[in-house]
Amino acid sequence: LKTIEEEKIPIIGAVPTMYAFILSVLATKKYDLSELKMLVVAGEKIKPELLRKMREMLCDTIITGYGSTETAGFATWSDVTDDVEKLQKATWEGR
């Protein structure tokens, strides 16, 4: 988080478990992550409440990806305007 703050990183990608960890750290330590413009999430099912907290505490723009990590690519992406339920479904079922 210190690097994201210092380098003003605009986009990060992680699995839901990592975003939950980031939010738990932010509950006890303060970082200026205002330069974040997009979050990419993939790799495991995500709970709607985690998506809501990510939007509240990190960034409004969240994209989910679905694909095979063995081939190093996404088969589908969500739309940046998708609501929490669509984002959650996309990480679980793809599109």
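Okay, so let's go over this structure. (Residues numbered from 1 in each chain as written. Predicted model: local features only at pLDDT ≥ 70, side-chain atom pairs only at ≥ 80, totals over all residues. Heavy atoms only, no water.)

## Section: unusual backbone geometry
Spelled out, the test is: Every helix listed is a DSSP run of H or I at least four residues long, and every strand listed is a run of E at least two residues long, numbered separately from the N terminus.
The phi dihedral of K8 falls on the positive side, at around 55°, and the residue is not glycine. Position of K8 among the secondary structure elements: in the loop between α1 (2-7) and β1 (11-14).

## Digging into the nonpolar core
Test applied: We define a nonpolar core as any set of buried Ala, Val, Leu, Ile, Met, Phe, Trp, Tyr and Cys residues linked to one another through side-chain atoms lying within 4.5 Å. With a 1.4 Å probe rolled over the protein chains alone, any residue whose accessible area is under 20% of its type maximum counts as buried; one over 50% counts as exposed, and the rest are partly exposed. Two residues qualify as a contact provided that any one of their heavy atoms is within 4.5 Å of a heavy atom in the partner residue.
Of all hydrophobic cores here, the largest spans 18 residues; its most connected members are I12, Y19, L36, L39, M54 and L58. The set of elements that each furnish at least two residues to this core consists of α2 (16-26), β2 (38-41) and α3 (48-57). Setting aside residues no more than four positions away along its own chain, Y19 makes contact with I12, G13, A14, L39, V40, V41, L50, M54 and L58.

## A few points about the packing of α2 against α3
Selection criterion: Under this scheme, a helix contributes an axis fitted over its contacting stretch, all axes are lines through C-alpha atoms, and angles between N-to-C directions fall in the 0 to 180 degree range. Oblique is the label for every angle not falling under 35 degrees (roughly parallel), over 145 degrees (roughly antiparallel), or within 65 to 115 degrees (roughly perpendicular). Definitions for this section: a left-handed crossing has its near helix turned counterclockwise from the far helix by less than a right angle. A right-handed crossing has that turn clockwise. Each residue receives one of three labels: charged for Asp, Glu, Lys and Arg, nonpolar for Ala, Val, Leu, Ile, Met, Phe, Trp, Tyr, Cys and Pro, and polar for the others, Gly being one of them.
Relative orientation of the contacting elements α2 and α3 amounts to 50°, with a least axis distance of 10 Å. Overall, the two elements α2 and α3 adopt an arrangement that is oblique. Note on packing geometry: the crossing formed by α2 with α3 is left-handed. For the pair α2 and α3, contact is made by P16, Y19, A20, L23 and L26 and by L50, K53, M54 and M57, respectively. Taken together, the residues of the contact of α2 with α3 break down into eight nonpolar, no polar and one charged.

## Brief notes about α3
Stated formally: The arc in question is traced by the directions running from the helix axis to the C-beta atoms.
Looking at α3, one finds that the buried residues are L50, L51 and M54. Across the axial projection of α3, the buried residues extend over an arc of 100°, all falling on one side.

## Details of a nonpolar patch on the surface
Note the following rule: Put simply, a patch holds well-exposed residues, over 30% relative accessible area, that have no salt bridge, with like charges counted together within 9 Å and Val, Leu, Ile, Met, Phe, Trp or Tyr side chains within 5 Å. For the area figures, the Shrake-Rupley method with a 1.4 Å probe applies, and any residue is considered shielded solely by the protein chains shown. By convention in these notes, a salt bridge is any Lys or Arg side-chain nitrogen within 4 Å of a carboxyl oxygen on Asp or Glu.
A cluster of nonpolar side chains, contributed by V15, M18 and F21, occupies part of the molecular surface with about 270 Å² of accessible area. Take M18: its relative accessible area is 42%, and that puts it in the partly exposed class.

## Comments concerning α2
Where α2 is concerned, the buried positions are P16, Y19, I22, L23, V25 and L26. Buried residues along α2 sit against β1, β2 and α3.

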